[in-house]
Amino acid sequence: MSAIVLAVVNQKGGVGKTTTVVNLAASLAEKGKRTLIIDCDPQGNCTTGLGYIPETVNSSVYDVVVLGQPITSATIPTAVENLWLVPATLQLAGAEIELVGLPRREYRLSYALEALDEVYDYVLIDCPPSLGLLTLNAIVASVGLVVPIQCEFYALQGLSLLSHTISLVRQSLKPSLVIVGIIMTLYDARLSLAHQVVDEIRDRFGDELLEPFIPRSVRLSEAPSHGLPITAYDPGGKGTKAYLAVADALEARIHSLFPTISAIPEE
């Protein structure tokens, strides 16, 4: 499999992580990139946000990671062209406990993706807001991390914790782990605090900060209730324009970081 696999992570909840996974993936799909979302969060918000009821799906990421079934058996189409989903169900809530006793427990998702015979340009993994075995599986399977950060004071504290966590993962499981991009969410340019948070992130992380920033938007909040990404729900809106532009910035960053493994053909 030659896809660029990215784990979308933040140990702090409520930062727009799932919103970013769905809308960034849809933006890449709209650009013609074959994109797969893997919903590794037991809450299943990616699954419901793309129009599926978790109780009605036949196979899920639980079957892949815990039971060892092929990932193709759990992959379903979405309403967006070039976008597919491996959904989450309530079974995933118990996966952390079940994974403890399994051999090579942190590598289960990685092995499933290595055996994937479908050709994707991107795989985006939505992680729970914690550093459990599901998140570790996502990180180990990925070439890098995408980190959504809400423009508020507590985000800076959460980022310090995440930085420490990344250092630990590099030491024990994934020495090559990098932050591919930091995406600022719920940005309101009228607030001085938002500017302060952005300045702090830019000072600490520089090129890892992707622009533009994702604005606060009622339409972005409404889209999941209709089972659609913002690109389909509000094609001309500011949320769509922002995510499409961030997708461009992400691709440029990936080209610079992984020129030899990038699955994205040069234009």
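Residues numbered from 1 in each chain as written. Predicted model: local features only at pLDDT ≥ 70, side-chain atom pairs only at ≥ 80, totals over all residues. Heavy atoms only, no water.

Trainee: I keep staring at the overall build of the protein and nothing clicks. Help me out?
Mentor: Counting its regular elements, the protein contains eleven helices and eight strands. For the C-alpha atoms alone, the extent of the protein along its principal axes is close to 50 × 40 × 35 Å. Taking all 267 residues of the protein together, the buried fraction comes to 57%. For the protein, the accessible surface area stands at approximately 11,200 Å², while carbon and sulfur atoms represent 53% of it. Averaging the coordinates of the 18 positive side-chain charges in the protein and doing the same for the 28 negative ones gives two points 4 Å apart. (Helix = DSSP H or I, 4+ residues; strand = E, 2+ residues; numbered from the N terminus. Buried < 20%, exposed > 50% of the residue type's maximum accessible area, 1.4 Å probe, protein only. Areas by Shrake-Rupley, 256 points an atom, 1.4 Å probe, with all protein chains shown as cover. Lys, Arg positive; Asp, Glu negative; His and termini not counted. Charge placed at Lys NZ, Arg CZ, Asp CG, Glu CD.)

Trainee: How do you make sense of the pattern of salt bridges when you look at a structure like this?
Mentor: Opposite charge on two side chains makes pairing possible when the charged atoms of those side chains draw close. The final tally for this structure, using the stated rule, is ten salt bridges. For Lys-17, the salt bridge goes to Asp-41, with nearest N and O atoms at 3.8 Å. Placement of the pair is Lys-17 in helix α1 (residues 17-30) and Asp-41 in the loop between β2 (35-39) and α2 (45-49), with a sequence separation of 24 residues. The same class applies to Lys-17 and to Asp-41, which are both buried. Between Glu-222 and Arg-219 there is a salt bridge, with the nearest N and O atoms lying 3.4 Å from each other. (Salt bridge = Lys/Arg side-chain N within 4 Å of Asp/Glu carboxyl O.)

Trainee: Just checking my understanding: could you explain helix α6 (residues 133-141) for this structure?
Mentor: An α-helix turns once per 3.6 residues; consequently, residues spaced three or four apart project the same way. With nine of nine residues buried, α6 lies mostly within the body of the structure. Buried within α6 we find Leu-133, Leu-134, Thr-135, Leu-136, Asn-137, Ala-138, Ile-139, Val-140 and Ala-141.

Trainee: Before we go on, may I ask you to explain the sheet that holds strand β5 (residues 122-126) in this structure?
Mentor: In a beta sheet, neighbouring strands are held together by backbone hydrogen bonds and run either parallel or antiparallel to one another. Strand order across the open sheet formed by eight strands is β3-β4-β2-β5-β1-β6-β7-β8, with mixed pairing between neighbours. Because the sheet does not close on itself, it has two edges, and the strands there are β3 (76-77) and β8 (209-210). Where β2 meets β5, five bridges bridge the pair, whose relative direction is parallel. Residue Leu-36 lies in a different strand from β5, and its bridge partner there is Val-123. Contacts from α1 reach β1 (4-8), β2, β4 (83-86), β5, β6 (144-150) and β7 (178-185) within the one sheet, and its direction differs from that of β5 by about 165 degrees. Contacts from helix α8 (residues 192-205) reach β6, β7 and β8, with the element oriented near 170 degrees to β7. (Pairing = 2+ DSSP bridges. Contact = heavy atoms within 4.5 Å. Axes fitted to C-alpha atoms, helices over the stretch in contact; angles between N-to-C directions.)

Trainee: Can you help me understand the side chain of Asp-63 in this one?
Mentor: Mapping Asp-63 onto the fold places it in helix α3 (residues 61-65). Although Asp-63 is buried, it makes no salt bridge; Arg-108 carries the closest opposite charge, 11 Å away. Side chain to side chain, Asp-63 and Ser-59 meet in a polar contact 3.4 Å long. Not counting residues up to four positions away in its chain, the partners in contact with Asp-63 are Gly-68, Gln-69 and Gln-91. (Polar contact = N/O pair within 3.5 Å; in protein donor to acceptor, adjacent residues only side chain to side chain.)

Trainee: Please clarify how the pairing of β2 should be interpreted in this entry.
Mentor: Every other side chain in a regular strand lies on the same face of the sheet, so the side chains alternate between the two faces. With five of five residues buried, β2 is to be regarded as a mostly interior element. Pairing geometry for β2 and β4, over four bridges, is parallel. Considered in β4, the bridge of Leu-36 is made with Trp-84.

Trainee: Got a minute to help me understand the pairing of β1 in this structure?
Mentor: Burial of β1 is extensive: five of the five residues sit out of reach of the surface. The alternating pattern of β1 places Ile-4, Leu-6 and Val-8 and Val-5 and Ala-7 on opposite faces, both of which are buried. The sheet contact formed by β1 and β5 spans five bridges and is parallel. If you follow Val-8 over to β5, its bridge partner there is Asp-126. Here β1 runs beside β6; their pairing, made up of three bridges, is parallel. The residue of β6 that forms the bridge with Val-8 is Val-146.

Trainee: Quick question: what am I supposed to make of unusual backbone geometry here?
Mentor: Glycine aside, residues mostly have negative phi, and peptide bonds are mostly found in the trans state. Backbone torsion omega between Glu-211 and Pro-212 reads 5 degrees, so that peptide bond is classified as cis. The residue Pro-212 is located in the loop between β8 and α9 (218-222) in this model. At Asn-82, a residue that is not glycine, the phi angle is positive and equals roughly 75 degrees. Relative to the elements of secondary structure, Asn-82 occurs in the loop between β3 and β4. The backbone phi angle of Arg-104 is positive, close to 50 degrees, even though this residue is not glycine. For Arg-104, the location among the structural elements is in the loop between α4 (95-100) and α5 (108-114).

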